[in-house]
Amino acid sequence: MTARDPHDHPAHPIDEDTRSKLLAELAEILPAESLRVDFEDTKPYECDGLTAYRQLPLAVALPDDEAQVVAVLEACHRHRVPVVARGAGTGLSGGATPVVDGVVLSLAKFMRILGIDAASRTARVQPGVRNLAISEAAAPYGLYYAPDPSSQIACTIGGNVAENSGGVHCLKYGLTVHNVLRLRVATIDGEVLEIGSEAPDSPGYDLLAFMIGFEGMLGVVLEATVKLTPKPQTAQVVMASFGDVVKAGDAVAAIIGAGIIPAGLEMMDKPATAAVEDFVHAGYDLDAAAILLAESDGTPAEVAEEIAAMRAVLEQAGASRLAVSRDEAERLRFWAGRKAAFPAVGRITPDYMCMDGTIPRRFLSRVLTRIDELSREYGLRCANVFHAGDGNLHPLIMFDASDPEQMRRAIGFGGRILELSVEVGGTITGEHGVGIEKVRQMCAQFSADEIMAFHALKAAFDPLRLLNPGKAVPMPRHCSEYRLTASARGK
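All values derive from a computational prediction rather than experimental measurement.

## Here we look at the overall build of the protein chain
- Along the backbone of the protein chain there are 17 helices and 18 strands.
- In terms of overall dimensions, the protein chain has C-alpha extents of about 70 × 60 × 45 Å along its principal axes.
- Buried positions account for 55% of the 491 residues belonging to the protein chain.
- Put simply, of all contacts in the protein chain between residues at least 6 apart along the chain, 72% involve residues at least 24 apart.
- Working note: accessible area of the protein chain is about 19,500 Å², and carbon and sulfur atoms make up 53% of it.
- Taking the 47 positively charged and 64 negatively charged side chains of the protein chain as two groups, their mean positions are separated by 3 Å.

Printed below as a string of structure tokens:
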């Protein structure tokens, strides 16, 4: 399958003269080693973590500094050539997939932590800084960066901003949007903007929240100022086993309903725990149909009280087994299993597709039951891992991409899960973004007028639609086609 789906925006074809002039200008802007145009040099950039969609770019630019970023953007804008900004390439929705006759703008060299202000609990970082590296640098001050997506060892802050990433602790500490104070951004025509501030609030429209999660379609992040959080004195995890996924799903709602907000609340079903335990040896209960990981952090007294309260709720909800981490090493081992779920499933299937729907917590058991029915309908295995506390589902659909029929069924299965999320009052994405993967399902969630409003917002920053075109927001005609298809199958 190619990167460009039939519902995608049209390509931006350029003639040979424009191509030659652009490459000549880029060669003047960038050192020779920072401009890649040969097949073997551009091949590593043909996709991100969603490998089902691939496209070779015209060129890959790896600027060394802000001035080079601005010059590259100005050149591409002048020649009407699309630009796709790229971080570490760990995204799972195709958001960094190149565009035909377009330039990939890699921010991989922007890896500096520019400053840590322990007094104000902030860090100023470049977009290529790894998520986990911020916490490592802040550790001597007793601080850390709270958002922790499973790919935090590799994913970068620029990508986190583009997708509004979360992680296992987002229930208590929020997503990227709740932990970024200021952005320095370059627009497609080379203008550099300062958005947000280190003050609690800033005047005017909230453009900071608008920029976060818009998938690189409005500007290129050059720098971010993020909040740092004091490291808790202690933390413990209670692991609860359940005989069926319905009880586990209901237990999640019971915990929140009891007024408890855990630092993390995660769920995995039996196929997921089996794959993880064979890979990480985290100590999971392989007889359970589902397990919950619920973490409490704070002072020792606060943690003891909250763990006791969660144990009581979980027992009342029908947990068949409870285990509480005895020390920091065991706590980290419990979480290591959850964070290794994606690579663990990758060991047992040629390919998998990770969905990212988010639903109201009260519908967890209903949606999990329906996913199991869809798994049998499409004849594909599915392991479920998700941020249960905020209803962010990550079903992992297993298939073989070399088999076109399995690929077709996997895409259909994934689409049905996203539509199911909308049906119960949820959304098609929680933290992975829309990218290429979910463009069709945007039509299930938003009306034609809303889609046009999204286009108008993008046009305010990028009227020529050169920044990451074909991602996140479908064309209205594609929604018409989608609704005809949905109507034909009885939706």
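## Things to note about the sheet that holds strand S13 (residues 264–269)
- With antiparallel pairing, 7 strands are arranged side by side in an open sheet as S15-S12-S14-S13-S17-S18-S16. The open sheet terminates on both sides in strands that have one partner only, identified here as strand S15 (321–324) and strand S16 (351–354). Sheet twist, expressed as the average angle between the axes of neighbouring strands with direction ignored, equals 15°.
- Sheet topology note: the S13/strand S17 (residues 382–387) ladder contains 2 bridges and is antiparallel.

## Brief notes about the packing of aromatic side chains
- Overall, the coordinates contain 6 aromatic pairs when judged by the stated rule.
- Look at Tyr144 and Tyr173: their rings are 6.4 Å apart centre to centre, the planes differ by 80°, and that puts the pair in the edge-to-face class. Of this pair, Tyr144 sits in strand S7 (residues 143–144) while Tyr173 is found in helix H6 (residues 170–173), placing the two residues 29 residues apart along the sequence.
- You can call Tyr173 buried: its relative accessible area is 19%.
- Through a chain of ring-to-ring contacts, the aromatic side chains of Phe210, Phe214 and Phe461 assemble into a single cluster.

Conventions we followed
- The written sequence of each chain sets the order in which its residues are numbered from 1.
- At least 70 in pLDDT is required for a residue's local features to be given in this predicted model, at least 80 for side-chain atom pairs to be given and counted, and no such filter applies to totals for whole chains, interfaces and linings, which use all residues.
- Working from all heavy atoms in the structure, the side-chain values ignore hydrogens and water.
- Only DSSP runs of H or I reaching four residues or more are called helices, and only runs of E reaching two or more are called strands; each is numbered from the N terminus.
- Each residue is assigned to one of three classes by its accessible area relative to the maximum for its type, calculated with a 1.4 Å probe on protein chains only: buried under 20%, partly exposed between the two thresholds, exposed over 50%.
- Throughout, a contact is declared for two residues whenever any of their heavy atoms are within 4.5 Å.
- Each accessible area is a Shrake-Rupley result for a 1.4 Å probe, and residues are judged covered by the shown protein chains and nothing else.
- Only four residue types enter the charge count, namely Lys and Arg as positive and Asp and Glu as negative; His and the chain termini do not.
- To locate a charge, take atom NZ for lysine, CZ for arginine, CG for aspartate or CD for glutamate.
- What makes two strands pair is DSSP finding at least two bridges between them.
- Note on geometry: axes are lines fitted to C-alpha atoms, helical ones only across the stretch in contact, with angles between N-to-C directions running from 0 to 180 degrees.
- The pairing test for Phe, Tyr and Trp rings, Trp by its six-membered ring, is centres within 6.5 Å, and the orientation test on the planes gives stacked under 30 degrees, edge-to-face over 60, and tilted for anything in between.

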